[in-house]
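Analysis of the macromolecular model
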Amino acid sequence: MTTILVTGGTGTLGRLVTERLRADGHEVRVLSRHAQPYAVDLRKGGPALNAAMESVDTVVHCATSTGGGDEEAAARLIAAARRAGVRHLVYISIVGVDRVPFGYYRSKLAVERLVEESGLGWTVLRATQFHDLLVRVLGMLAKSPVLLLPARVKDQPIEVAEVAARLAELALDDPAGRVDDMGGPEVRTFDSLARAYLQATGRRRVVLRVPLRGRAYDGFRSGGHLAPGHAVGKGTFEEHLRRRFGGGQGV
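Residues numbered from 1 in each chain as written. Predicted model: local features only at pLDDT ≥ 70, side-chain atom pairs only at ≥ 80, totals over all residues. Heavy atoms only, no water.

Here we look at the overall build of the chain
What counts is decided by this rule: Helix numbers and strand numbers start at the N terminus; a helix is a DSSP run of H or I with at least 4 residues, a strand a run of E with at least 2. For this measure, only C-alpha atoms enter the radius of gyration; the expected value for a globule follows 2.2 Å times N^0.38, where N is the number of residues. In this scheme, a residue with accessible area under 20% of its type's maximum is buried, one over 50% is exposed, and one in between is partly exposed, where area comes from a 1.4 Å probe on protein chains only.
From N to C terminus, the chain includes nine helices and 10 strands. Here the C-alpha radius of gyration of the chain, 19 Å, is about what a compact globule of 251 residues would show, namely 18 Å. Projecting the C-alpha coordinates of the chain onto the three principal axes gives extents of approximately 55 × 40 × 30 Å. Taking all 251 residues of the chain together, the buried fraction comes to 51%.

So, in structure tokens, the structure goes:
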């Protein structure tokens, strides 16, 4: 069986990718800032990164930070992978990184380009936002008695386990370049998703749609982050909410 390194292997996505690959009998090394024996801050690199790469056939790069540093981390990862003779680098990106001028998306697009120009065999998968992220965002917004939402914005959330299964499949295959996007099963208005969240958690909030300004907002409003032609996900947002919350408790 091949040896596979999963960066960000303790995170929401990376943990599931790791579990899936190990269940199939593969040797998987988990690299993150706190996972022993390969505790590495990719922005800094170091001997532990080189040790993690020894005899690795494939790297699945799930590590990311909304606080910045993804490009530097990817550059160090790619350099180490080249030194170690890694055959295949798989990267998870986001639908719309080339269409929505949002800072985090720009960083993801820049990493895509580093991967493409790495000289390694590579595969890039773009997915729409995970259900888990949407729940976190709505949970923060619902702390206020008035839940403010960006007006005229839709979303297409997908179940993270489905993306993990696809990444594991890609990791075991030959490098494929940019593969088809993965989108959730439904394109939904943001307020319909918010109301489903409020119902599932038993919260009662006034929901207001607020028009915003800026190029990033325009990109989201025009649906640049959506993949309606690739709505391959099966699990719906309501199904995710039922598994996570059961019956609402009223807050």
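Let us keep going from here.
Some points on the pattern of salt bridges
We apply this condition: One side-chain nitrogen of Lys or Arg within 4 Å of one carboxyl oxygen of Asp or Glu is enough to make a salt bridge.
Per the counting criterion, the structure on display carries 16 salt bridges. In this structure, the salt-bridge partner of Arg126 is Glu112, at a minimum N-O distance of 2.8 Å. You can see Arg126 sitting in strand 5 (residues 121-127) and its partner Glu112 sitting in helix 4 (residues 103-116), a full 14 residues away along the chain. The class for Arg126 is buried, based on a relative accessible area of 3%. Exposure remark for Glu112: the relative accessible area of 2% places this residue in the buried category. A salt bridge links Glu186 to Arg188; its shortest N-O distance comes to 3.2 Å. A residue is classified by how much of its surface remains accessible, and Glu186, at 31% relative accessible area, is partly exposed. Connected through salt bridges with shared partners, the residues Asp57, Arg87 and Asp174 form a single ionic network.

Thoughts on helix 1 (residues 12-23)
Side chains of residues three or four places apart in an α-helix project in the same direction, reflecting 3.6 residues per turn. Stated formally: What a helix is expected to span follows from its residue count: subtract one and scale by 1.5 Å. We call two residues in contact whenever any of their non-hydrogen atoms come within 4.5 Å of each other.
With 12 residues, helix 1 should cover 16 Å at 1.5 Å per step; its first-to-last C-alpha distance of 17 Å lies within 8% of that length. When we look at burial in helix 1, the residues that qualify are Leu13, Gly14, Leu16, Val17, Thr18 and Leu21. Along its buried surface, helix 1 packs onto strand 1 (3-7), strand 2 (27-31), strand 3 (58-61), strand 4 (88-94) and helix 6 (160-171).

Concerning the packing of helix 5 (residues 131-141) against helix 9 (residues 237-245)
We count it as follows: Here an axis means a line fitted to C-alpha atoms, over the contact stretch when the element is a helix, while the angle between two N-to-C directions is reported on a 0 to 180 degree scale. For classification purposes, angles smaller than 35 degrees are called roughly parallel, those larger than 145 roughly antiparallel, those between 65 and 115 roughly perpendicular, and all remaining angles oblique. Less than a right angle of anticlockwise turn of the near helix away from the far helix marks a crossing as left-handed, whereas a clockwise turn marks it as right-handed. Ten residues, namely Ala, Val, Leu, Ile, Met, Phe, Trp, Tyr, Cys and Pro, are considered nonpolar, four, namely Asp, Glu, Lys and Arg, are considered charged, and the remaining ones, Gly among them, are considered polar.
With their axes 10 Å apart at the nearest point, helix 5 and helix 9 run at an angle of 70 degrees to one another. As summarised for this structure, helix 5 and helix 9 are arranged roughly perpendicular, according to the angle between their axes. The way helix 5 lies across helix 9 gives a crossing that is right-handed. Side by side, helix 5 and helix 9 meet where His131, Asp132, Leu134, Val135 and Leu138 of the first sit next to Phe237, His240, Leu241, Arg244 and Phe245 of the second. Tallied by class, the residues present in the contact of helix 5 with helix 9 amount to six nonpolar, two polar and two charged.

Focus on the packing of aromatic side chains
Short version of the rule: Note on aromatic contacts: the rings of Phe and Tyr and the six-membered ring of Trp form a pair at centre separations within 6.5 Å, being stacked when their planes are under 30 degrees apart, edge-to-face when over 60 apart, and tilted otherwise.
Enumeration according to the criterion identifies four aromatic pairs in this entry. An angle of 80 degrees between the planes, with centres 5.5 Å apart, marks the rings of Phe102 and Tyr105 as edge-to-face. On the basis of relative accessible area, Tyr105 is assigned to the buried category, the value being 2%. Judged by centre distance (5.7 Å) and plane angle (65 degrees), the rings of Phe102 and Phe220 are edge-to-face. Pair noted here: Phe102 is in the loop between strand 4 and helix 4 and Phe220 is in helix 8 (residues 215-221), with a separation of 118 residues, a long-range link. The exposure class of Phe220 is buried, given its relative accessible area of 19%. A network of ring pairs unites the aromatic residues Phe102, Tyr105 and Phe220 as a single cluster.

Some thoughts on the pairing of strand 5
Rules: Only when DSSP finds a minimum of two bridges between them are two strands counted as paired. Viewed with both strands pointing away, a crossover whose connecting path from the first strand over the helix to the second turns clockwise is right-handed.
By the criterion of burial, strand 5 is predominantly enclosed, with six of the seven residues buried. Here seven bridges tie strand 4 to strand 5, and the two strands are oriented parallel to one another. Within strand 5, the residue paired with Ile92 across the bridge is Leu125. A crossover connection joins strand 4 to the parallel strand 5 through helix 4; in handedness this β-α-β unit is right-handed. Here strand 5 pairs with strand 8 (residues 177-178) via two bridges, running parallel. Paired with Val124 across the strands is Arg178, a residue of strand 8.

A short note on the packing of helix 1 against helix 6
Across the interface, helix 1 lies against helix 6 with an axial gap of 8 Å and an inter-helix angle of 50 degrees. Classified by the angle between their axes, helix 1 and helix 6 sit oblique to one another. Seen from above, helix 1 lies across helix 6 with right-handed handedness. Counting all contacts with helix 1, which are made through Thr12, Leu13, Leu16, Val17, Arg20 and Leu21, the residues of helix 6 involved are Val160, Ala161, Val163, Ala164, Ala165, Leu167 and Ala168. When its residues are assigned to classes, the contact of helix 1 with helix 6 shows 11 nonpolar, one polar and one charged.

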